[in-house]
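# Coordinate inspection notes
Residues per chain are reported as follows:
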Amino acid sequence: MDEYIKWQSWDEWPEREDNPPLTVETLFWYDGQEYMVTRIGHRYAIVTQPAFKEVISNENFKDLLEMPFLNGKSFRALIREFLFEE
């Protein structure tokens, strides 16, 4: 998760420590399904691709990454199992 935080450059936004911005949309695959971390209006979301169907969303980016996402586990808990687009 530390690598993801660095990639998102959250250290450049110290005033938003409690709710950092989404600086880079993220594509990843898990169990044969493609997903994207994105922003829809004022909410951060994880959506399926290519259908763009919302799986979970939250107004707080950090909270989104801690919410149950798949099989009761969060993005944070599953991150090591994801295949990320390079």
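The structure contained in this document is the topic of the report that follows. (Residues numbered from 1 in each chain as written. Predicted model: local features only at pLDDT ≥ 70, side-chain atom pairs only at ≥ 80, totals over all residues. Heavy atoms only, no water.)

## Comments concerning the side chain of Gln49
Stated formally: Secondary structure elements are defined from DSSP: runs of H or I of at least 4 residues count as helices, runs of E of at least 2 residues count as strands, and each element is numbered from the N terminus. The cut-offs for exposure are 20% and 50% of the maximum accessible area for each residue type, with area from a 1.4 Å probe on protein chains only; residues under the lower value are buried, those over the upper are exposed, and the others partly exposed. Residues count as neighbours in contact if any of their non-hydrogen atoms are within 4.5 Å of one another.
Its location among the elements puts Gln49 in strand β3 (residues 43-49). Given the relative accessible area of 16%, Gln49 is considered buried. With near-sequence residues (within four places) excluded, Gln49 lies in contact with Leu27, Gln33, Glu34, Tyr35 and Met36.

## Digging into the nonpolar core
We apply this condition: Within this scheme, the nonpolar core is defined by two criteria: the residues are buried Ala, Val, Leu, Ile, Met, Phe, Trp, Tyr or Cys, and they are joined through side-chain atoms within 4.5 Å.
With 20 residues, the main nonpolar core has Val37, Ile46, Phe61, Phe69 and Phe75 as its most contacted residues. Secondary-structure elements contributing two or more residues to this core are β1 (26-30), β2 (33-40), β3, α2 (61-66), β5 (68-70) and α3 (75-78). No other element matches the three residues that α2 contributes to this core. When near neighbours in sequence (up to four residues on either side) are disregarded, Ile46 contacts Phe28, Tyr35, Met36, Val37, Lys53, Glu54, Val55, Ile56, Leu64, Phe69 and Phe75.

Keep in mind these values describe shape, not function.
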